[in-house]
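# Tertiary structure, described
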Amino acid sequence: MGWSSLLFRFALDGLGGQPGRTLLTMLGMAIGTASVVAVVSIGLVGRAYVLHLIEGVGSNLVFAHGNQEGLNPEEVDFEDVDLFVSQVRGIRAIAPVLRRGDTVTIDGEPRPIGVIGVPPAYERVRNLETIAGRFFTEYEEATGAKVCVLSEELAEELYGHTEVEGSWLRLFNLRFRVLGVYRERVQSAAAVGKSDAAGLVAIVPFTTVRTLSDASFVDVVFMEAESPAAVAGVVRGVEEVLERRHRDLESFKVDSLDQYLVLAQQISDAITLGLMGIAAVSLLVAGIGIMNIMMVTVTERTSDIGIRLALGAGRRAVLLQFLIEAALLSLSGGVLGVLLGAGLPLYIGFLYDVEVPVSLASVVVAFTVSVAVGLFFGLYPARRAANMNIIEALGYD
């Protein structure tokens, strides 16, 4: 049997002599490792959720509107919208919005509601879901039909249910036929201030509102870029059109959701990093526990160490034996911690049928750090054992 195998057997015998102590030490290291892995998984889930909420406002969304700033503030007009369509590359769909308001009777009392005029593309650009009936068509848009689609909230307030297709609603002192009911696929647009469709809202064809209101400009223009990579190009193209046609570009705001996505990622990363730091403290505590247990072990086995040294065992062999014991404690705890930290999120995801990501990098880092911590905190007791005075060790009672 080689000397390395012999040292390994001695280390196992040493740990097996105190199974309760060994198990508790391994458990401490396992909890520390599992905490790091689990915290990263929690951070990834949180980031994915926040990004999902922001992206729910609209896929690859770009928006332009007047911001009422500057000496002579201007607004986006209808010719600007036509030029966006004809001159800006990378736009998949465009939806100008005319915001208006009206009053309807709900439960015998007049209530203000929002009325917005939009083209049919608005449904896609703003990621709306028609839950009853249908959205209006291009033909109804082109002919300025007096039809509308209600928000889920407005339908519930007016009728007490969402099966309202074929009903009539009085808007602008005219009768509008209700085609259907919609809702936002992700209830997050209002949170970032980009939702015209939230709350008590009726959506009617853009041409209808333009004709009835004699509007000369649009309140906001939503554009869907062809891809995430095309968003920046669409923003630049829209700015160039506005700069050519208007005196002051500062009168306009052209933006996308990219800034919100980047900000959410940065905040999520910072929170995850902070949580990892807190979880790493448990690894540190577990490492201190390994050092404490190893110190106790060295003290209990002082006489045995003295006998081995007296019989010719090298100090390096004694050092390695105790380092192997510390490594086995941290290695076993690390493996158990990885299984707990990765297995628990996967089990929760399976149980509730949701995707809970587990970062491979966090698993590798947590396991590596747990082993490194065990070796670092096991080094001092191991060196103390290896550097014992033989005479004092043999006389230890």
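Coordinates for the structure precede this section.
None of the values given here were measured: they were computed from a predicted structure.

## Some remarks on the environment of Asn67
- Mapping Asn67 onto the fold places it in the loop between β1 (61-66) and α3 (78-87).
- Classification of Asn67 as partly exposed rests on a relative accessible area of 21%.
- Measuring from C-alpha to C-alpha, the distance between Asn67 and Lys253 comes to 6.0 Å, with 186 residues separating the pair along the chain.

## Remarks on a nonpolar patch on the surface
- Taken together, Leu344, Tyr347, Ile348, Phe350, Leu351, Tyr352 and Val354 make up a surface patch of nonpolar side chains, about 800 Å² in accessible area.
- In this structure Leu351 comes out as partly exposed when scored by relative accessible area, which is 48%.

## Topic: the nonpolar core
- Phe84, Leu150, Leu171, Met223 and Val238 are the most contacted members of the largest nonpolar core, which totals 45 residues.
- When near neighbours in sequence (up to four residues on either side) are disregarded, Met223 contacts Asn60, Leu61, Val62, Phe63, Ala64, Phe84, Ile91, Ala93, Ile94, Val125 and Val238.
- Formed by 26 residues, the second largest nonpolar core is a distinct cluster that contains Leu283, Leu323, Leu329 and Ala366.

## Considerations on the packing of helix α9 (residues 258-300) against helix α11 (residues 315-352)
- Close contact between α9 and α11 brings their axes to 11 Å; oriented N to C, the two are set at 145°. Every pair of crossing elements has a handedness; the one defined by α9 and α11 is right-handed. In contact with Ile290, Met294, Thr297 and Val298 of α9, α11 contributes Phe322, Glu325, Ala326, Leu329 and Ser330.
- Across the contact of α9 with α11, the residue classes break down as six nonpolar, two polar and one charged.

## Comments concerning the pairing of strand β5 (residues 147-151)
- Across the five residues of β5, five count as buried, placing the element largely inside the fold.
- Summarising the sheet, β5 and strand β8 (residues 201-205) pair through two bridges and their orientation is antiparallel. Along β8, the bridge assignment pairs Leu150 with Ala202.

## Examining the packing of aromatic side chains
- This structure, assessed with the given rule, holds five aromatic pairs.
- Ring centres of Tyr122 and Phe222 lie 6.2 Å apart, and the angle between their planes is 65°; on these two criteria the pair is classed as edge-to-face. With Tyr122 in helix α4 (residues 121-125) and Phe222 in strand β9 (residues 220-225), this pair connects stretches of sequence that are 100 residues apart.
- Accessibility expressed as a relative area gives 2% for Phe222, which makes it buried.
- Ring centres 4.6 Å apart and planes at 35° place the aromatic pair Phe135 and Phe136 in the tilted group.

About the cut-offs
- Residues numbered from 1 in each chain as written.
- Predicted model: local features only at pLDDT ≥ 70, side-chain atom pairs only at ≥ 80, totals over all residues.
- Heavy atoms only, no water.
- Helix = DSSP H or I, 4+ residues; strand = E, 2+ residues; numbered from the N terminus.
- Buried < 20%, exposed > 50% of the residue type's maximum accessible area, 1.4 Å probe, protein only.
- Patch = residues over 30% accessible without salt bridge, like charges linked within 9 Å, V, L, I, M, F, W, Y side chains within 5 Å.
- Areas by Shrake-Rupley, 256 points an atom, 1.4 Å probe, with all protein chains shown as cover.
- Salt bridge = Lys/Arg side-chain N within 4 Å of Asp/Glu carboxyl O.
- Core = buried A, V, L, I, M, F, W, Y, C linked by side-chain atoms within 4.5 Å.
- Contact = heavy atoms within 4.5 Å.
- Axes fitted to C-alpha atoms, helices over the stretch in contact; angles between N-to-C directions.
- Left-handed = near helix turned anticlockwise from the far one by under 90°.
- Nonpolar A, V, L, I, M, F, W, Y, C, P; charged D, E, K, R; others polar.
- Pairing = 2+ DSSP bridges.
- Phe/Tyr/Trp six-rings, centres within 6.5 Å; stacked < 30°, edge-to-face > 60°.

In short, geometric facts, not functional conclusions.
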